[in-house]
Amino acid sequence: MNRILALAAMLLVLPLTAQAQWDFSRHSIPLDEIQSGGPPRDGIPALTNPKYVPAAKADFMLPDEQVLGVFINGVARAYPIRILSWHEVVNDDFGGQPVLVSW
């Protein structure tokens, strides 16, 4: 419970201290020539309610494929980096505890 309260307090403070102050007065490219790149806001869908297979049946995985591993509440999961690179966020559940996995 203390960790949850500490995380909540941190989330309340960080947005106030992490704001960037961009100086647009100094630039070498005319501002009207700068274009947005990448997907639009909310253009990368989060994975929700992901389906899992035992490691022995994950035949779509390469033998040396990198994963992001998470172990919480006695539950272990491996998220292939190849998939995280496209979705970046997974909304998951570890033994009844909601967890956001971010890449």
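What you are looking at is a predicted structure, and each value in this text was computed from that prediction instead of being measured. (Residues numbered from 1 in each chain as written. Predicted model: local features only at pLDDT ≥ 70, side-chain atom pairs only at ≥ 80, totals over all residues. Heavy atoms only, no water.)

### Here's the deal with the overall build of the protein chain
Check the secondary structure of the protein chain and you find two helices and five strands. Mapped from its N terminus to its C terminus, the protein chain presents α and β elements in the order α-β-β-β-α-β-β. For the protein chain, restricting intrachain contacts to residue pairs at least 6 apart in sequence, the fraction spanning at least 24 positions comes to 33%. Working note: accessible area of the protein chain is about 9,000 Å², and carbon and sulfur atoms make up 60% of it. (Helix = DSSP H or I, 4+ residues; strand = E, 2+ residues; numbered from the N terminus. Contact = heavy atoms within 4.5 Å. Areas by Shrake-Rupley, 256 points an atom, 1.4 Å probe, with all protein chains shown as cover.)

### Some words on the pattern of salt bridges
All told, the structure shown has two salt bridges when counted by the stated rule. The closest approach of N and O atoms between Glu65 and Arg82, which form a salt bridge, is 2.7 Å. Linking Glu65 in the loop between β1 (47–48) and β2 (67–72) with Arg82 in helix α2 (residues 81–87), this pair joins segments that are 17 residues apart in sequence. What makes Glu65 buried here is its relative accessible area of 17%. The residue Arg77 makes a salt bridge to Asp92 at a minimum N-O spacing of 3.0 Å. Separated by 15 residues along the polypeptide, Arg77 in strand β3 (residues 75–80) and Asp92 in strand β4 (residues 89–94) bring together distant segments of the chain. The exposure class assigned to Asp92 is buried, which follows from its relative accessible area of 11%. (Salt bridge = Lys/Arg side-chain N within 4 Å of Asp/Glu carboxyl O. Buried < 20%, exposed > 50% of the residue type's maximum accessible area, 1.4 Å probe, protein only.)

### What about the sheet that holds β4?
As summarised here, the arrangement of the three strands in space is β1-β4-β5, forming an open sheet in which the pairing is mixed. Each end of this open sheet is capped by a strand with a single partner; those strands are β1 and β5 (97–102). By the bridge criterion, six bridges tie β4 to β5 in an arrangement that is antiparallel. Residue pairing for β5: Asp92 is matched across the bridge by Val99. (Pairing = 2+ DSSP bridges.)

### Quick notes on the confidence of the model for the protein chain
Looking at the protein chain as a whole, the pLDDT averages 82, with 81% of positions reaching at least 70. Per-element averaging of pLDDT across the protein chain places helix α1 (residues 2–17) at the bottom with 56 and β2 at the top with 93. (pLDDT = per-residue confidence, 0-100.)

### Let's talk about the packing of aromatic side chains
Applying the stated criterion across every chain yields a total of one aromatic pair. Geometrically, the ring pair formed by Tyr52 and Tyr79 is edge-to-face, given 6.3 Å between the ring centres and 75 degrees between the ring planes. With Tyr52 in the loop between β1 and β2 and Tyr79 in strand β3, this residue pair connects regions lying 27 residues apart in the sequence. According to the relative accessible area criterion, Tyr52 is partly exposed, its value standing at 35%. Of note, Arg77 hangs over the ring of Tyr52, and the distance from its end group to the ring centre comes to 4.3 Å. (Phe/Tyr/Trp six-rings, centres within 6.5 Å; stacked < 30°, edge-to-face > 60°. Lys NZ or Arg CZ within 6 Å of the ring centre and 35° of its normal.)

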